[in-house]
Each structure stands twice: as structure tokens, then as C-alpha cells.
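Close look at the chain arrangement
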Amino acid sequence: MKPGSNEAEWREDCAPRRVLELFSTKWTSMILHALHKLHDGAARTGVLERSLPGISKKMLTQTLKEMERTGLITRHVHATRPPAVEYRLTPLGERFIEPVEMLYAWGRDNADALDALGERSTSRR
């Protein structure tokens, strides 16, 4: 640490680390984006799966469960046959839309910088 820097800013439970942990999986931000931009805040599982090319059913299910656990979305089961499950953004989830959309807009505006990056082992590009 630099002399005079606030070490508390970088402790393990600091806000920047918690934000990065929340979005450490690409699918969390993409599901928030899809629910907000494509589906007006609510969508069924199959609709979300079709909206997110490349996501497996297992990963979608895991991510939705985690997002529900953290309070970003709620799960609603409709009494139909077969039962229909719909996921909705919570007020807390809505608060995360603005930074996600800002980051995505930056990505669209700076695609050349992203293209200039070296290949990453996790990238499909």
C-alpha cells in the first residue's frame, strides 16, 4: 500500500470487490440486461434461454438461482399446466441496470479497444 492510502478501501469486503464478485460471471449482467432491455423486467426461463445465445440450461438455472438468492430477481410460479415460471427484476435488481447498461454502451462504443486485446483463455472469439 502507498503511504497515506486508505487500506480499508481494499479490504476483502470493500464495495469494489463486492461489485466485481457480483459480476464475476458474465451471465449475471447479461440476464439483467436481457430482462430489462428485451423483456420489460420479466421473462420465463425458455424466453431467457433463447435471448442468451451460448448459455446452457444448467448455467442459466444456476445463475437464476444465485440471482434470486442475492435478491436481484424474484421467481414466480404460475398455476398453469404445466407450471410456468417467470423471473422478474426486483427493485434491487433495477438499481444494477444503470451500471450494466453503461458498461455495455462503453463496450459498443469501444469495440476497437476490445478487438485489440490479446486472446483470453475464456474468450470464444
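Everything below is about the structure printed above this text.
**A short note on the packing of aromatic side chains**
- Tallied over the full model, the rule gives 1 aromatic pair.
- Look at phenylalanine 23 and phenylalanine 96: their rings are 6.0 Å apart centre to centre, the planes differ by 65°, and that puts the pair in the edge-to-face class. Remark: phenylalanine 96 occurs in the loop between helix H5 (91-95) and helix H6 (97-109) and phenylalanine 23 occurs in the loop between helix H1 (15-22) and helix H2 (26-38); sequence separation between them is 73 residues.
- With relative accessibility at 21%, the residue phenylalanine 96 sits in the partly exposed group.

**Side note on the nonpolar core**
- Of all hydrophobic cores here, the largest spans 19 residues; its most connected members are Ile31, Leu35, Leu48, Leu52, Leu60, Leu64 and Ile73.
- Mapped by element, the contributors of at least two residues to this core are H2, helix H4 (57-70), strand S3 (84-89) and H6.
- When residues in this core are grouped by element, the largest group, 5 residues, is from H2.
- Aside from chain neighbours lying at most four places away, what touches leucine 35 is Asp40, Gly41, Ala42, Ala43, Leu48, Ile73, Tyr87 and Leu89.

**What to know about H2**
- For H2, which comprises 13 residues, the first-to-last C-alpha distance of 17 Å matches the rise-based estimate of 18 Å (1.5 Å per residue) to within 8%.
- Looking only at H2, the buried set comprises Trp27, Thr28, Ser29, Ile31, Leu32, His33, Ala34 and Leu35.
- Backbone geometry just downstream of H2 places aspartate 40 in the positive-phi region, at approximately 55°.

**Considerations on the sheet that holds S3**
- Pairing is antiparallel in the open sheet, where 3 strands are placed in the order S1-S3-S2. Each end of this open sheet is capped by a strand with a single partner; those strands are strand S1 (42-44) and strand S2 (73-78). Each strand axis lies, on average, 25° off the axis of its neighbour in the sheet, ignoring direction.
- In this sheet, S3 lies alongside S1 in antiparallel orientation, the contact comprising 3 bridges. Looking at the pairing, alanine 42 lines up with arginine 88 of S3.
- Seen against the sheet, H2 touches S1, S2 and S3 and runs at an angle of roughly 95° to S3.

The rules behind the values
Residues numbered from 1 in each chain as written. Predicted model: local features only at pLDDT ≥ 70, side-chain atom pairs only at ≥ 80, totals over all residues. Heavy atoms only, no water. Phe/Tyr/Trp six-rings, centres within 6.5 Å; stacked < 30°, edge-to-face > 60°. Helix = DSSP H or I, 4+ residues; strand = E, 2+ residues; numbered from the N terminus. Buried < 20%, exposed > 50% of the residue type's maximum accessible area, 1.4 Å probe, protein only. Core = buried A, V, L, I, M, F, W, Y, C linked by side-chain atoms within 4.5 Å. Contact = heavy atoms within 4.5 Å. Expected span 1.5 Å × (residues − 1). Pairing = 2+ DSSP bridges. Axes fitted to C-alpha atoms, helices over the stretch in contact; angles between N-to-C directions.

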